[in-house]
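Residue-level listing of the chains:
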Amino acid sequence: TLTGTLTRRQTDLGSAVRELGNELSWNNSEYLFVTAFIAILNVNSGAMEYVCAGHDAPLVLHDGALTRIDTTQSGPPLCAADDYFYVADRLQLEPGDRICLFTDGCTEAWDGSNMFGMKGLQAAFLASRTSNIQTATCELRDSVRHFEAGHPPSDDLTILLLEWNGYPL
(Lines give C-alpha, C1' and ligand atoms only; values in the text may rest on other atoms or scores of the structure.)
Protein backbone atom coordinates (compact mmCIF):
# COMPACT_ATOMS: atom_id res chain seq x y z
CA THR A 1 0.00 0.00 0.00
CA LEU A 2 2.79 2.40 0.90
CA THR A 3 4.64 1.66 -2.35
CA GLY A 4 1.52 2.28 -4.43
CA THR A 5 0.78 5.50 -2.60
CA LEU A 6 4.30 6.89 -2.91
CA THR A 7 4.72 5.96 -6.59
CA ARG A 8 1.48 7.77 -7.42
CA ARG A 9 2.52 10.83 -5.43
CA GLN A 10 6.00 11.21 -6.99
CA THR A 11 6.72 11.87 -10.66
CA ASP A 12 10.18 10.25 -10.36
CA LEU A 13 10.21 6.56 -9.45
CA GLY A 14 13.68 6.81 -7.90
CA SER A 15 12.45 9.55 -5.55
CA ALA A 16 9.42 7.45 -4.63
CA VAL A 17 11.65 4.50 -3.72
CA ARG A 18 13.91 6.81 -1.71
CA GLU A 19 10.86 8.03 0.22
CA LEU A 20 9.69 4.43 0.66
CA GLY A 21 13.04 3.47 2.18
CA ASN A 22 12.93 6.47 4.49
CA GLU A 23 9.41 5.59 5.66
CA LEU A 24 10.34 1.96 6.30
CA SER A 25 13.47 3.02 8.20
CA TRP A 26 11.60 5.50 10.39
CA ASN A 27 11.07 3.17 13.37
CA ASN A 28 13.45 0.32 12.51
CA SER A 29 15.42 -0.21 15.71
CA GLU A 30 16.21 -3.81 14.66
CA TYR A 31 17.89 -2.51 11.48
CA LEU A 32 15.89 -4.85 9.27
CA PHE A 33 16.09 -4.41 5.49
CA VAL A 34 14.21 -5.69 2.46
CA THR A 35 15.15 -6.07 -1.19
CA ALA A 36 12.71 -4.82 -3.80
CA PHE A 37 12.21 -4.59 -7.53
CA ILE A 38 9.61 -1.91 -8.22
CA ALA A 39 8.36 -1.33 -11.74
CA ILE A 40 5.70 0.66 -13.53
CA LEU A 41 4.58 -0.77 -16.86
CA ASN A 42 2.77 1.31 -19.44
CA VAL A 43 0.42 -1.38 -20.73
CA ASN A 44 -0.29 0.59 -23.90
CA SER A 45 3.32 1.05 -25.05
CA GLY A 46 5.29 -1.69 -23.24
CA ALA A 47 7.59 0.90 -21.68
CA MET A 48 8.66 -0.18 -18.20
CA GLU A 49 10.36 2.06 -15.66
CA TYR A 50 11.96 0.27 -12.73
CA VAL A 51 14.15 0.59 -9.65
CA CYS A 52 16.09 -2.29 -8.16
CA ALA A 53 16.88 -2.07 -4.45
CA GLY A 54 19.26 -4.96 -3.89
CA HIS A 55 16.94 -7.55 -5.45
CA ASP A 56 17.94 -10.32 -7.87
CA ALA A 57 17.67 -9.12 -11.47
CA PRO A 58 14.49 -10.50 -13.08
CA LEU A 59 14.69 -12.78 -16.10
CA VAL A 60 13.43 -11.69 -19.53
CA LEU A 61 12.35 -14.08 -22.26
CA HIS A 62 12.37 -12.38 -25.68
CA ASP A 63 11.99 -14.35 -28.92
CA GLY A 64 13.16 -17.52 -27.17
CA ALA A 65 16.32 -15.86 -25.80
CA LEU A 66 16.80 -15.51 -22.07
CA THR A 67 18.49 -12.48 -20.50
CA ARG A 68 18.30 -10.59 -17.23
CA ILE A 69 17.08 -7.06 -16.65
CA ASP A 70 19.99 -4.65 -16.38
CA THR A 71 20.31 -3.67 -12.73
CA THR A 72 23.68 -1.91 -12.91
CA GLN A 73 21.99 1.17 -11.43
CA SER A 74 20.71 -0.95 -8.57
CA GLY A 75 20.80 0.54 -5.11
CA PRO A 76 21.06 -1.13 -1.72
CA PRO A 77 18.15 -2.93 -0.09
CA LEU A 78 15.53 -0.66 1.46
CA CYS A 79 16.54 0.38 5.00
CA ALA A 80 20.19 -0.56 4.44
CA ALA A 81 21.37 2.99 3.66
CA ASP A 82 19.71 6.12 4.99
CA ASP A 83 18.19 8.53 2.46
CA TYR A 84 19.68 6.70 -0.54
CA PHE A 85 19.14 8.33 -3.97
CA TYR A 86 17.76 5.53 -6.16
CA VAL A 87 17.91 5.95 -9.93
CA ALA A 88 15.18 4.58 -12.17
CA ASP A 89 16.01 2.75 -15.37
CA ARG A 90 13.86 1.87 -18.38
CA LEU A 91 13.15 -1.17 -20.51
CA GLN A 92 11.08 -1.37 -23.68
CA LEU A 93 9.13 -4.60 -23.91
CA GLU A 94 8.24 -6.13 -27.25
CA PRO A 95 5.02 -8.08 -27.90
CA GLY A 96 5.29 -11.56 -26.37
CA ASP A 97 8.08 -10.65 -23.93
CA ARG A 98 7.79 -12.45 -20.62
CA ILE A 99 9.41 -11.33 -17.35
CA CYS A 100 10.05 -13.54 -14.32
CA LEU A 101 10.47 -11.85 -10.94
CA PHE A 102 11.44 -14.18 -8.10
CA THR A 103 12.67 -14.27 -4.54
CA ASP A 104 15.89 -16.00 -3.51
CA GLY A 105 13.78 -18.86 -2.19
CA CYS A 106 13.72 -20.03 -5.82
CA THR A 107 17.44 -20.01 -6.53
CA GLU A 108 18.39 -21.10 -2.99
CA ALA A 109 15.98 -24.05 -2.91
CA TRP A 110 17.88 -27.04 -1.51
CA ASP A 111 17.59 -30.75 -2.31
CA GLY A 112 19.90 -31.83 0.51
CA SER A 113 23.11 -31.49 -1.47
CA ASN A 114 22.63 -28.80 -4.15
CA MET A 115 20.82 -25.54 -4.70
CA PHE A 116 18.33 -25.07 -7.54
CA GLY A 117 20.36 -22.02 -8.55
CA MET A 118 19.99 -19.54 -11.34
CA LYS A 119 20.64 -22.25 -13.93
CA GLY A 120 17.76 -24.34 -12.59
CA LEU A 121 15.42 -21.34 -12.62
CA GLN A 122 16.49 -20.36 -16.14
CA ALA A 123 15.95 -23.90 -17.43
CA ALA A 124 12.50 -24.09 -15.82
CA PHE A 125 11.56 -20.66 -17.19
CA LEU A 126 12.63 -21.66 -20.71
CA ALA A 127 10.76 -24.97 -20.41
CA SER A 128 7.55 -23.10 -19.53
CA ARG A 129 7.76 -20.66 -22.46
CA THR A 130 4.99 -22.31 -24.52
CA SER A 131 2.52 -22.49 -21.63
CA ASN A 132 0.05 -19.72 -20.89
CA ILE A 133 1.11 -17.34 -18.15
CA GLN A 134 -0.95 -18.95 -15.36
CA THR A 135 0.23 -22.47 -16.20
CA ALA A 136 3.84 -21.31 -16.61
CA THR A 137 3.77 -19.78 -13.12
CA CYS A 138 2.57 -23.05 -11.63
CA GLU A 139 5.17 -24.99 -13.63
CA LEU A 140 7.96 -22.81 -12.26
CA ARG A 141 6.74 -23.23 -8.69
CA ASP A 142 6.35 -26.97 -9.16
CA SER A 143 9.87 -27.24 -10.64
CA VAL A 144 11.34 -25.68 -7.51
CA ARG A 145 9.22 -27.80 -5.14
CA HIS A 146 10.00 -31.00 -7.08
CA PHE A 147 13.72 -30.17 -6.92
CA GLU A 148 13.50 -29.80 -3.12
CA ALA A 149 12.33 -33.43 -3.03
CA GLY A 150 10.56 -33.02 0.30
CA HIS A 151 13.29 -31.01 2.02
CA PRO A 152 11.93 -28.03 3.94
CA PRO A 153 12.05 -24.72 2.04
CA SER A 154 15.12 -22.65 2.86
CA ASP A 155 13.24 -19.37 2.37
CA ASP A 156 10.03 -17.90 1.03
CA LEU A 157 9.14 -18.78 -2.55
CA THR A 158 7.58 -16.04 -4.64
CA ILE A 159 7.32 -16.07 -8.42
CA LEU A 160 5.62 -13.43 -10.52
CA LEU A 161 5.39 -13.72 -14.29
CA LEU A 162 4.42 -10.85 -16.53
CA GLU A 163 3.78 -11.07 -20.25
CA TRP A 164 3.23 -8.06 -22.46
CA ASN A 165 1.13 -9.05 -25.44
CA GLY A 166 1.59 -5.91 -27.47
CA TYR A 167 -0.13 -2.74 -28.34
CA PRO A 168 -3.91 -2.58 -27.84
CA LEU A 169 -6.06 -2.48 -30.97
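Scroll up to find the structure this text is about.
These figures come from a predicted structure and were not determined experimentally.

So, how was this worked out
Residues numbered from 1 in each chain as written. Predicted model: local features only at pLDDT ≥ 70, side-chain atom pairs only at ≥ 80, totals over all residues. Heavy atoms only, no water. Helix = DSSP H or I, 4+ residues; strand = E, 2+ residues; numbered from the N terminus. Buried < 20%, exposed > 50% of the residue type's maximum accessible area, 1.4 Å probe, protein only. Polar contact = N/O pair within 3.5 Å; in protein donor to acceptor, adjacent residues only side chain to side chain. Contact = heavy atoms within 4.5 Å. Phe/Tyr/Trp six-rings, centres within 6.5 Å; stacked < 30°, edge-to-face > 60°. Lys NZ or Arg CZ within 6 Å of the ring centre and 35° of its normal. Pairing = 2+ DSSP bridges. Axes fitted to C-alpha atoms, helices over the stretch in contact; angles between N-to-C directions.

S.K.: Explain the side chain of Thr103 residue by residue, including any values.
M.R.: Its place among the elements puts Thr103 in the loop between strand E6 (97-102) and helix H3 (104-107). Given the relative accessible area of 15%, Thr103 is considered buried. One polar contact links the side chain of Thr103 to the main-chain carbonyl oxygen of Asp156, over a distance of 3.3 Å. Discounting chain neighbours no more than four positions away, the residues touching Thr103 are His55, Asp156, Leu157 and Thr158.

S.K.: Give a description of the packing of aromatic side chains that names residues and reports values.
M.R.: Scanning all chains against the criterion turns up three aromatic pairs. Taking 5.3 Å as the distance between ring centres and 25° as the angle between the ring planes, the aromatic pair formed by Phe37 and Tyr50 counts as stacked. Taken as a pair, Phe37 in strand E1 (residues 36-41) and Tyr50 in strand E2 (residues 47-53) lie far apart in primary sequence, 13 residues in all. Per residue, the accessibility class of Phe37 equals that of Tyr50, and both read buried. One cation-aromatic arrangement involves Arg18 over Phe85; the distance from NZ or CZ to the ring centre is 3.7 Å.

S.K.: With reference to specific residues and values, describe the environment of Glu163.
M.R.: Within the fold, Glu163 resides in strand E7 (residues 159-164). A polar atom in the side chain of Glu163 sits 2.9 Å from the side chain of Arg98.

S.K.: Could you give an account of the sheet that holds E1, naming the residues involved and the relevant values?
M.R.: Read across the open sheet, the three strands follow the order E1-E2-E5; overall the sheet is antiparallel. In this open sheet, the two edge strands, each paired with only one partner strand, are E1 and strand E5 (89-92). Each strand of the sheet is rotated relative to its neighbour by a mean of 25°, with strand direction disregarded. Note that E1 and E2 share six bridges and pair antiparallel. Considered in E2, the bridge of Ala39 is made with Tyr50. Across the face of the sheet, helix H2 (residues 13-25) comes into contact with E1 and E2 while running at roughly 30° to E2.

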